[in-house]
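Spelled out from the first residue to the last, the chains are:
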Amino acid sequence: MRDTYDHILKLRAVRAFQPRPIDDAELERVLEAGRWTGSSKNRQNWSFVVITDPDTKTAFASAGRFTDPVRHAPAAIALIQEPEGYEFDTGRLAQNMMLAADAIGLATCPVTLHDEERAAKVLGLPEGTRCRYGIAIGYPAAGAGPSRFGGRKPLGELVHRDRYESG
Ligand SMILES: Cc1cc2nc3c(=O)[nH]c(=O)nc-3n(C[C@H](O)[C@H](O)[C@H](O)COP(=O)(O)O)c2cc1C
């Protein structure tokens, strides 16, 4: 229990990876964690495109503004929102995959595909599906540091009781 709690608090985006490919069984475990994510009405309106081909990975990265982690990683997982899917579900999916990856020694960084049209073209997405987010994934480079963005706001700035504005 304590392990899970600490694990949640310690998950960080990693942007430097070893070049070696991800072991198939390990990648499958990450995808499996995604598969078991809860979704609105259990619709599971998502799918994944696992990208390892270097040219496709580069093309995929060109659809976002801050996608160097994808360029540096041996693989990326494109998170596809199927028709009637919700972004909230996609977020849960991503977090589960990232926590699972971290638990088995893989590192991840979520990325945004600002140019969804381009991402859709690169991935060959059918009408009605979209890809706004992906996950760069691989084994962390030696000494890969935490995010350049740092810590978190204190709870005092975030928590309101009963009403947002008091009085
Ligand atoms: C929805 C979302 C989109 C993100 N997009 C990017 C991105 O395009 N490129 C990137 O390098 N990091 C991206 N990140 C990672 C955040 O920058 C990172 O989680 C945040 O700075 C906190 O870092 P930490 O978790 O390592 O402390 C994204 C994170 C989220 C949740």
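To be clear, the structure that these remarks concern was listed above.
Residues numbered from 1 in each chain as written. Predicted model: local features only at pLDDT ≥ 70, side-chain atom pairs only at ≥ 80, totals over all residues. Heavy atoms only, no water.

Caption draft 1: Just the nonpolar core, in detail. Within the largest apolar cluster, 22 residues are counted, with the highest numbers of intra-cluster contacts made by Phe 60, Val 70, Ala 78, Leu 123 and Cys 131. Those elements giving two or more residues to this core turn out to be helix H3 (54-61), strand S2 (75-81), strand S3 (107-112), helix H6 (116-123) and strand S4 (130-138). The contact partners of Cys 131, leaving out residues within four places of it in the chain, are Phe 60, Ala 78, Leu 79, Ile 80, Leu 113, Glu 116, Ala 119, Leu 123 and Leu 125. Core analysis: the second largest hydrophobic core is formed by 18 residues, Ala 75, Leu 99, Ala 101 and Leu 106 among them. (Core = buried A, V, L, I, M, F, W, Y, C linked by side-chain atoms within 4.5 Å. Buried < 20%, exposed > 50% of the residue type's maximum accessible area, 1.4 Å probe, protein only. Helix = DSSP H or I, 4+ residues; strand = E, 2+ residues; numbered from the N terminus. Contact = heavy atoms within 4.5 Å.)

Caption draft 2: View of a nonpolar patch on the surface. A contiguous nonpolar surface patch, about 320 Å² in accessible area, is contributed by Tyr 5, Ile 8 and Leu 9. Looking at where Ile 8 falls in the secondary structure, it is placed in helix H1 (residues 2-10). (Patch = residues over 30% accessible without salt bridge, like charges linked within 9 Å, V, L, I, M, F, W, Y side chains within 5 Å. Areas by Shrake-Rupley, 256 points an atom, 1.4 Å probe, with all protein chains shown as cover. Salt bridge = Lys/Arg side-chain N within 4 Å of Asp/Glu carboxyl O.)

Caption draft 3: Region of the structure containing unusual backbone geometry. Unlike most non-glycine residues, Lys 41 shows phi in positive territory, near 55°. For Lys 41, the location among the structural elements is in the loop between helix H2 (24-35) and strand S1 (46-51). Here Asn 42, not a glycine, exhibits a phi torsion of approximately 55°, which is positive. For Asn 42, the position within the fold is in the loop between H2 and S1.

Limitation: the analysis is restricted to geometry and does not speak to function.
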